[in-house]
Amino acid sequence: MSIKLKHIKKTYDNGEEVLKDINTEIEDGQFYVLVGASGSGKSTILNAIAGFIPINDGTIEIDGRDVTNLPPKDRHLAMVFQNYALMPNLTVSENIIFGLKARHVDKEVQQERLNEVLQTVHLTEYKDKRPTNLSGGQRQRVSLARALVSDAKVILMDEPLSNLDAKLRAEMRREIRALQQHLGLTVVYVTHDQTEAMTMGDQVMLLNQGRIEQIGAPLDLYNAPANTYVADFFGSPAINLLDGQLMGNRLQFVNGVEITFNHELAGPVRIGVRPESVRLTPQGAFRGRITHIEPLGDGTNISVEIGAAEPFRLKVSDQLNLRTGNEIAFDILPDQMMLFDADDRLVGLGPINELAV
Amino acid sequence: MQVNRTKQIGNYLLLSVIAIILMVPLLLGISLSLSSSSSISQGNLFPQKLVFSNYVRVFTDTHMAQFLLHSLIVSGVVMIGQLVLSILAAYAFVFLDFKFKKTAFVIFLSTMMLPFESQIIPNFNLMRDLNLLNTYSAMALPFLASAFGTFMIKTSFEQLPPELKQLSQIEGLSHFQFITKVVMPYCKISLITFALYSFLTNWNMYLWPLISTDNDKVRTAQIGLRQMRAQDTASNWGLIMAATIIVVIPTMLIIFFGQKYFKNGLTSGVIK
């Protein structure tokens with residue numbers, strides 16, 4: 001089932017605009033991630049799709065049907081919540097068939113579907129327990145099972161993994177993604193976590209203060225961010241954004257380093273360099289003192305003072321025998337540079353010219 | 001450590017003194033109810049010999065059994081009425097949207113500031129005009145709407161995670177299904193607490209049942225106790241004490257078994 005959002009606008013009573021002209025199309029069977037900082041409007045979009053809140057303008061279509069003014073129950077969708085929303089007085093089974101009971105589905109059908117989803121989420125042996133006796137991961141599985149049992153083809157998920165610890169989160173990420181692909185579900189997934197957005201989504205919408213910053217496949221957002229906000233949002237450690245000046249065929253970085261660089265633009269620019277888009281070399285054009293070093297085992301994160309606004313973040317895949325205060329030199333890999341104009345919009349990518357000092 | 005210890009001893013000492021002051025009348029009552037009248041008239045505070053005849057005579061020689069039944073009916077009706085009406089009112093204040101909701105609630109709450117004594121005369125006039133004096137209705141009607149109950153239950157409804165409301169919307173639950181299947185089970189403890197509180201308050205009510213009745217047809221146990229002293233049994237302290245103990249028993253039971261509910265229910269709105 002596809003979902004179309006056309007010119008969605010939402011303004012609170014106090015005049016605060018929470019959604020400013022949201023347009024997108026979610027295809028059938030797609031894992032669609034809404035990501036953004038808190039207050040960006042991602043949950044508002046989800047609530048609008050579910051029908052919990054009225055919108056001020058625009059239309060919402062589910063499967064070609066205009067549902068803008070329909071109540072939630074007529075939109076044929078299911079939802080998974082951050083805090084699970086389980087009834088503490090009901091057993092796992094009773095919680096799962098809660099909706100079926102309310103809709104007076106035939107008892108035998110209820111049992112049949114219940115057993116099916118219990119197996120899908122591996123909870124068969126817990127079916128008679130109460131939620132309070134389950135771990136966080138198990139509770140979220142119950143919540144997932146309740147969404148699956150309804151037979152809804154669209155499942156909305158509102159930060160379902162935020163209450164779980166890191167290890168469980170990684171496990172559930174895989175599980176939810178596998179389940180979605182196996183069952184061909186259309187999932188709209190809200191998260192503030194860039195890792196979840198990158199690893200789970202077919203399509204990702206990054207929101208900022210009620211506006212869409214960019215929509216695209218995860219790697220497109222990473223490799224070709226539409227602006228510095230998108231560039232900064234994805235990636236850990238965050239991208240380095242260096243101020244620079246374009247003059248003819250020269251690009252001068254804020255710290256004085258100059259390279260040959262051909263671009264029709266002239267004047268102030270910002271250059272985006274991912275922490276991993278560097279090569280350590282003693283002859284490197286960039287050099288400075290290490291202000292912070294994090295050995296990760298499978299690699300090392302380093303911050304280097306290079307005379308720019310903030311230390312330059314490096315990420316290398318080696319274990320290094322270095323410590324804070326040591327001198328280090330590196331080059332930026334020219335074909336992975338991103339060029340942003342004075343308005344922070346992406347204007348150039350990759351090998352614009354050979355990097356030469 | 002030493003200071004804590006002294007403080008603790010002080011606390012326990014204070015609590016013990018208060019407990020003794022509170023317990024003495026009760027224990028004295030129990031002691032007298034088990035004494036024969038001759039023993040009491042000799043000035044003995046403790047029974048020479050345990051007698052249970054006072055308890056038997058409460059039911060054979062007085063109308064106490066009837067009074068207790070009346071009390072049970074009135075308190076039961078008021079408890080159920082208050083519970084149902086408070087749940088519905090609280091539901092409207094928490095889950096429904098309507099104009100002037102906050103103002104309406106403030107006005108609603110402000111009725112708590114009017115002491116019942118000040119409402120006695122209008123209430124009496126109303127009941128008289130409706131020809132309801134000397135009926136259960138007269139005793140129950142003025143108490144069916146409870147601002148305190150609505151307030152307490154509203155506070156507990158507000159603790160319901162909004163996701164459960166959203167889930168119910170998706171599943172298409174009606175208001176009634178949402179109340180009975182989601183809200184009430186979730187707020188069970190507060191509801192039980194309020195029900196017990198409501199029952200006790202009415203069980204122990206004296207003034208209104210006395211005013212709204214002028215014969216024994218529907219009078220309650222509290223008035224029955226008072227009457228025993230006014231009538232020829234006045235000097236029979238053993239009998240009066242036995243009747244008193246019987247009337248106090250429901251209170252004791254509810255407080256004893258309901259303590260955990262009171263503790264959780266009355267404070268649940270405060271924590272968090």
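Residues numbered from 1 in each chain as written. Chains lettered and ligands numbered in written order. Predicted model: local features only at pLDDT ≥ 70, side-chain atom pairs only at ≥ 80, totals over all residues. Heavy atoms only, no water.

Engineer: Please provide a residue-by-residue account of the pattern of salt bridges, values included.
Structural biologist: Under the defined criterion, the tally for this structure stands at 19 salt bridges over all chains. The partner of Lys154(B) in a salt bridge is Glu158(B), with the nearest N and O atoms 2.9 Å apart. Residue classification places Lys154(B) among the buried positions, given a relative accessible area of 14%. Judged by relative accessible area, which is 45%, Glu158(B) ranks as partly exposed. Several salt bridges converge on common partners, so that one network encompasses Asp243(A), Arg270(A) and Asp344(A). (Salt bridge = Lys/Arg side-chain N within 4 Å of Asp/Glu carboxyl O. Buried < 20%, exposed > 50% of the residue type's maximum accessible area, 1.4 Å probe, protein only.)

Engineer: Describe the packing of helix α4 (residues 64-95) of chain B against helix α10 (residues 175-186) of chain B, listing the residues and the values that go with them.
Structural biologist: Residue and element names in this part refer to chain B. As a packed pair, α4 and α10 sit with axes 12 Å apart at the nearest point and diverge in direction by 95°. Taken together, the axes of α4 and α10 are roughly perpendicular relative to one another. When α4 is examined against α10, the residues Ile-87, Leu-88, Tyr-91 and Phe-95 are found in contact with a partner set consisting of His-175, Phe-178, Ile-179, Val-183 and Met-184. In terms of residue class, the contact of α4 with α10 is made up of eight nonpolar, one polar and no charged. (Axes fitted to C-alpha atoms, helices over the stretch in contact; angles between N-to-C directions. Helix = DSSP H or I, 4+ residues; strand = E, 2+ residues; numbered from the N terminus. Parallel < 35°, antiparallel > 145°, perpendicular 65-115°, else oblique. Contact = heavy atoms within 4.5 Å. Nonpolar A, V, L, I, M, F, W, Y, C, P; charged D, E, K, R; others polar.)

Engineer: Which residues make up the layout of surface pockets, and what are the values?
Structural biologist: Taken as a whole, the largest pocket spans an internal volume of roughly 570 Å³. Lining the largest pocket are 21 residues; nearest its centre among them are Phe143(B), Ala145(B), Ser146(B), Ala147(B) and Phe148(B). Of all the secondary structure elements, the ones that give two or more residues to the lining of the largest pocket are α6 (116-129), α8 (147-157) and α11 (188-203) of chain B. Tallying contributions element by element places α11(B) first for the lining of the largest pocket, with five residues. Residues that form the lining of the largest pocket fall into these classes: 13 nonpolar, eight polar and no charged. In this structure, the second largest pocket spans a volume of roughly 390 Å³. Lining the second largest pocket we find 20 residues, and of these Phe52(A), Phe95(B), Lys165(B), Gln166(B) and Gln169(B) sit closest to its centre. Broken down by secondary-structure element, the contributors of at least two residues to the lining of the second largest pocket are α4, α9 (162-171) and α10 of chain B. (1 Å grid on protein atoms, 1.4 Å probe; cavity = no way out; pocket = protein on both sides within 12 Å on 5 of 7 lines; lining within 4 Å. Points joined across faces, edges and corners; volume = space filled by probe spheres on them.)

Engineer: Just give me the short version of the interface of chain B and chain A, but keep the residues and values in it.
Structural biologist: Contacts between the two partners involve 15 residues from chain B and, on the opposite side, 20 residues from chain A. Carbon and sulfur atoms make up 68% of the area that chain B and chain A hide from each other, which totals about 1,700 Å². Looking only at chain B, the three residues that lose the most surface to chain A are Leu167(B), Ile170(B) and Glu171(B), adding up to 38% of its buried area. Across the contact surface, chain B and chain A share one salt bridge. Between Glu171(B) and Arg103(A) there is a salt bridge, with the nearest N and O atoms lying 3.5 Å from each other. Inspection of the region where chain B meets chain A yields three residue pairs in polar contact (both at pLDDT 80 or more). Counting residues per element, the side of chain B that touches chain A draws most heavily on α9(B), at seven residues. For the side of chain B that touches chain A, the residue count by class is eight nonpolar, four polar and three charged. (Buried area = accessible area lost by both parts, 1.4 Å probe. Polar contact = N/O pair within 3.5 Å; in protein donor to acceptor, adjacent residues only side chain to side chain.)

Engineer: Tell me what's going on with the sheet that holds strand β14 (residues 267-273) of chain A, and back it up with residues and numbers.
Structural biologist: All names here are of chain A. Taken together, the six strands give an open sheet; going across it, the order is β13-β12-β11-β14-β20-β21, and neighbouring strands pair in antiparallel fashion. Only two strands of the sheet have a single partner each, and these edge strands are β13 (258-260) and β21 (346-349). Sheet twist, expressed as the average angle between the axes of neighbouring strands with direction ignored, equals 30°. Judged from the three bridges that link them, strand β12 (residues 250-253) and β13 form a sheet pairing that is antiparallel. (Pairing = 2+ DSSP bridges.)

Engineer: Explain a nonpolar patch on the surface to me, and be specific about the residues and the numbers.
Structural biologist: Residues and elements named next belong to chain B. Residues Ile-20, Val-24, Leu-28, Leu-45 and Phe-46 make up a contiguous nonpolar surface patch of roughly 480 Å² in combined accessible area. The residue Leu-28 is located in helix α1 (residues 2-33) in this model. Owing to a relative accessible area of 30%, Leu-28 belongs among the partly exposed residues under this scheme. (Patch = residues over 30% accessible without salt bridge, like charges linked within 9 Å, V, L, I, M, F, W, Y side chains within 5 Å. Areas by Shrake-Rupley, 256 points an atom, 1.4 Å probe, with all protein chains shown as cover.)

Engineer: Please set out the pairing of β12(A) residue by residue, giving values where relevant.
Structural biologist: Looking along a regular strand, one sees side chains alternate from face to face of the sheet. All names here are of chain A. Because side chains alternate across β12, one face comprises the buried residues Leu-251 and Phe-253, and the other comprises Arg-250 and Gln-252, none of which is buried. Strand direction decides the pairing type here: strand β11 (residues 240-247) and β12, joined by four bridges, are antiparallel. Pairing of Gln-245 across the sheet is with Gln-252, part of β12. Hairpin geometry of β11 and β12 is characterised by an intervening segment of two residues between the two adjacent antiparallel strands and by a positive phi of about 60° at Gly-248. Counting the residues in the hairpin turn of β12 and β13 gives four residues, including Gly-256, whose phi is positive at 100°.

Engineer: Pulling in residues and values, what's your account of the packing of α8(B) against α11(B)?
Structural biologist: Residue and element names in this part refer to chain B. Viewed as axis vectors pointing N to C, α8 and α11 meet at an angle of 165°, and their least axial separation amounts to 10 Å. The angle between the axes of α8 and α11 places the two elements in the roughly antiparallel class. α11 is crossed by α8, and the crossing has right-handed handedness. Listed contacts from α11 to Phe-148, Gly-149, Met-152, Ile-153 and Ser-156 of α8 are Ser-190, Leu-191, Thr-193, Phe-194 and Tyr-197. (Left-handed = near helix turned anticlockwise from the far one by under 90°.)

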